[in-house]
Amino acid sequence: MTAVLLVNLASLPMPGNDPIFPIGLRCIQDALDRKQHRTRLIDFVEDPSALTDLSWATESWDVIGFTIRNIDPVDLSCDGHVPHYEAFLARLRETLGSRRPLLVGGGPGYSLFGEELLGRLGFDVGVVGPGEQSMLQIVASPQKYMGLGRNLPGARYQGFLTDTLDHPQSLLTAYASRGGAIGVETKRKTCYQGCVYCPYAYISGDNGGDLKPTEAIAEELRTAYASGIREVFFTDGIFNSELRFAKDVVRTIIAADLPDLTWSAYFTPKPFDDEFADLLSVSNVGPVIVSPDSLDDRVMRLLGKSFDSRHVTRFIDRCRQRGVKFKVSVVLGGPGETRESVRATARYINEHLESEELTLNVGYRVLPETDMARQLGLENAEILDPTFHPLDPDLFSWIIHDLDSRFLVTRRMLNLMAGRTSSRKMQKIPLGAGGPAMGDEGPEYVALTRRMLPIAEVRSAGTENHVRR
Ligand code: B12
Ligand code: SF4
């Protein structure tokens, strides 16, 4: 039996971070518990005092695992989280003194920048991708991994198909009281689409294409419901990428008959048929979220979308006919965005959507292992700080000019203004630094970046380095 402490770094108070239930770390803990290891999970939402008093770290732990969910909030106006992780790890090391448990990193954000974070945070070993199997391997003989300085690939985990998660009541209550949804997985199967900015296939690693048996999904929903959870988010990259299975899951939700339980997920408008829309309409689904990102067909193609604006219109019609609530997510300022494409997207929005049906953002975060990073010729180390695809500085004015006034509500206007201000202050990574880049008509730089100082330097410089949304 190994003593393993698991720390949810995603629950640290950081500007732009609004913590959500730590589903990934709970998967790791559940796998370890089933093999009779001694575990404890530290979460600063559940126990805020654990942030000031780090004495929990000084018990006799063999291994300390850290989950890093987000690198930054993927928002033009927000700072990155990495300096906060560094500052916390420095404090923790100080508290540990001469004690030397094995330090292990993992999580979706960690997986993206595994090599960079391993060094910067001083972990002995990390896991890129689904972590249960590798973590079991590590805790079986921690000494083998001490000072390894390398990441292990994640691996398929058989327990995903057989086990159901039963989360600790106090952790559930802490997050339920904040009003957010808890995550539930239905499958470990990489999305078949190839959006140029999307790193999901890389993060998911070797996920074997496993579909969770619907009985296990029902069991997990019932258990969470019994603990007071009334909102669930299915964490699949795309919930209905396997339409037949998605229908089975929705039938399972309906059959579970859990009054007031609402749920949501990321959907795609294709495949999406009448039968699926019928099922959704009686399943108490919350907003059905689709992400065409643009509503200009040329830009959608450049983004790598496998559907076009006609599919979005059919999706909207199906939802409206059945009173199913939906949200269309649009992110302007990506590859090929021009004055005309912004006009076309705004025209579509004006003609088809109500204000509350639109999620609007500006700026594409360039992430590792994506076509976008490759097209811009940027290395991972260059994009650890918040880094965005080049965008025309006039983009913000075009949006305000083109959208009907009913879409220009205060919150959206504030976001646009914050984005404009931040993008003007960001540094430009010059052409040549990253390779081929934009061609003749593109801007004179490869990407916009917000270079982050270590927290200690920010404080000693006496500056407020954080722009809040
Ligand atoms: C579902 C999802 C959401 C849902 C979450 C719903 C919920 N209540 O859980 C919603 C829509 C709310 C959401 C919001 C956001 N998300 Co999100 N989300 C995802 C998504 C698609 C799946 C995450 C998930 O839960 N997977 C299932 C769990 C079980 O897997 P997991 O957490 O990865 O854990 C496994 C491994 O990572 C590993 N592991 C985890 N911890 C540890 C620890 C150790 C020690 C080890 C060894 C292994 C290990 O093992 C686990 C089990 O196999 C990912 C993309 C992806 N494909 O991963 C993005 C992703 C995690 N999100 C991301 C971001 C940025 C956000 C937002 C900031 C977006 C925004 N601007 O609002 C917010 C932040 C929310 C928050 N406060 O943390 C980024 C994070 C990386 C980054 N760029 O910084 C991702 C990777 C997507 C992307 N754009 O690249 N998100
Ligand atoms: S549809 Fe979603 S999950 Fe699939 S590649 Fe595109 S952005 Fe990624």
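Residues numbered from 1 in each chain as written. Chains lettered and ligands numbered in written order. Predicted model: local features only at pLDDT ≥ 70, side-chain atom pairs only at ≥ 80, totals over all residues. Heavy atoms only, no water.

### Observations regarding the site of ligand 2
Around ligand 2, the neighbouring residues are C191, Q193, C195, Y197, C198, Y200 and I238. Considered class by class, the residues forming the shell around ligand 2 number six nonpolar, one polar and no charged. (Near = heavy atom within 4 Å. Nonpolar A, V, L, I, M, F, W, Y, C, P; charged D, E, K, R; others polar.)

### Quick notes on the pattern of salt bridges
Applying the stated criterion across every chain yields a total of 32 salt bridges. A salt bridge links D18 to R178, with the shortest nitrogen-to-oxygen separation between them at 2.6 Å. In this pair, D18 sits in the loop between β1 (3-8) and α1 (23-34) while R178 sits in the loop between α7 (169-176) and β7 (182-184), placing the two residues 160 residues apart along the sequence. You can call D18 exposed: its relative accessible area is 59%. Classification of R178 by relative accessible area gives partly exposed; the value is 41%. Put simply, E220 and K212 hold a salt bridge, and the shortest N to O gap is 3.6 Å. Residue K212 is classed as buried on the basis of its relative accessible area, which comes to 5%. A single salt-bridge network, built from bridges that share partners, covers K247, D248, R251, D273 and E275. (Salt bridge = Lys/Arg side-chain N within 4 Å of Asp/Glu carboxyl O. Helix = DSSP H or I, 4+ residues; strand = E, 2+ residues; numbered from the N terminus. Buried < 20%, exposed > 50% of the residue type's maximum accessible area, 1.4 Å probe, protein only.)

### A few points about the sheet that holds strand β13 (residues 326-332)
Read across the sheet, six strands follow the order β7-β10-β11-β12-β13-β14 without closing on themselves; strand pairing throughout is parallel. A strand with exactly one partner marks an edge of an open sheet, and here the two such strands are β7 and β14 (358-362). The sheet shows a mean angle of 25 degrees between the axes of neighbouring strands, taken without regard to direction. In terms of strand pairing, strand β12 (residues 285-293) meets β13 through four bridges, oriented parallel. Note that in β13 the partner of V290 across the bridge is V328. (Pairing = 2+ DSSP bridges. Axes fitted to C-alpha atoms, helices over the stretch in contact; angles between N-to-C directions.)

### Structural notes on the side chain of T345
Relative to the helices and strands, T345 resides in helix α14 (residues 339-352). For T345, a relative accessible area of 1% puts it in the buried group. In this structure T345 touches S294, L295, D296, V330 and L332, once residues within four positions along its chain are discounted. (Contact = heavy atoms within 4.5 Å.)

### Here's the deal with the site of ligand 1
Taken together, 42 residues lie around ligand 1, and D18, T67, N70, I71 and P73 are the ones closest in. One nitrogen or oxygen atom from the main chain of G131 is found 2.9 Å from an oxygen atom belonging to ligand 1. Here an oxygen atom of ligand 1 and a side-chain polar atom of E132 are 2.9 Å apart. Top element by residues in the shell around ligand 1 is α1. It accounts for five residues. (Polar contact = N/O pair within 3.5 Å; in protein donor to acceptor, adjacent residues only side chain to side chain.)

### What to know about helix α13 (residues 309-322)
In this model, α13 (14 residues) spans 20 Å end to end at C-alpha, consistent with the 20 Å of a helix rising 1.5 Å per residue. Buried residues of α13: S309, H311, V312, F315, I316, R318 and C319, and no others. Each element contacted by the buried residues of α13 is listed here: α11 (274-281), β12, α12 (297-303), β13 and α14. One or two steps after α13, the chain reaches G323, where phi turns positive at roughly 70 degrees. (Expected span 1.5 Å × (residues − 1).)

### With respect to the domain arrangement of the protein chain
Assigned domains of the protein chain: these are domain 1 (3-153) and domain 2 (181-373 + 391-419). Between the C-alpha centres of domain 1 and domain 2 there is a distance of 29 Å. With both chains or domains summed, domain 1 and domain 2 bury close to 1,400 Å², and 67% of this area falls on carbon and sulfur atoms. The interface formed by domain 1 and domain 2 contains two salt bridges. Where E132 meets R188, a salt bridge forms, and the shortest distance between an N and an O atom there is 2.9 Å. Connecting domain 1 to domain 2 are two residue pairs in polar contact (both at pLDDT 80 or more). Of all elements in the fold, only α1 and α3 (108-112) reach the threshold of two or more residues within the side of domain 1 that touches domain 2. With three residues, α3 is the single largest residue contributor to the side of domain 1 that touches domain 2. Within the side of domain 1 that touches domain 2, the residues separate by chemical class into 11 nonpolar, three polar and two charged. (Domains from an automatic or database assignment. Buried area = accessible area lost by both parts, 1.4 Å probe.)

### Looking at the environment of P19
Tracing the chain through its elements places P19 in the loop between β1 and α1. Each C-alpha atom, one on P19 and one on V45, is 7.7 Å from the other, the two residues being 26 residues apart in sequence. Ignoring any residue separated from it by four or fewer positions in sequence, one finds P19 in contact with A10, S11, V45, Y175 and R178.

### Side note on the confidence of the model for the protein chain
When pLDDT is low, close inspection of the predicted coordinates is not appropriate. Across the protein chain, the average pLDDT comes to 93, with 94% of residues at or above 70. A low-confidence stretch, residues 461-469 (pLDDT under 50), is modelled with 15 contacts involving residues beyond four sequence positions or located in other chains. (pLDDT = per-residue confidence, 0-100.)

### Description of the sheet that holds β1
Ordered in space as β2-β1-β3-β4-β5-β6, the six strands form an open sheet in which the pairing is parallel. In this open sheet, the two strands that pair with only one neighbour each are β2 (38-42) and β6 (150-153). Along the sheet, successive strands turn relative to each other by an average axial angle of 25 degrees, direction set aside. With two bridges joining them, strand β4 (residues 102-106) and strand β5 (residues 125-128) adopt parallel strand pairing. Note that in β5 the partner of V104 across the bridge is V125.

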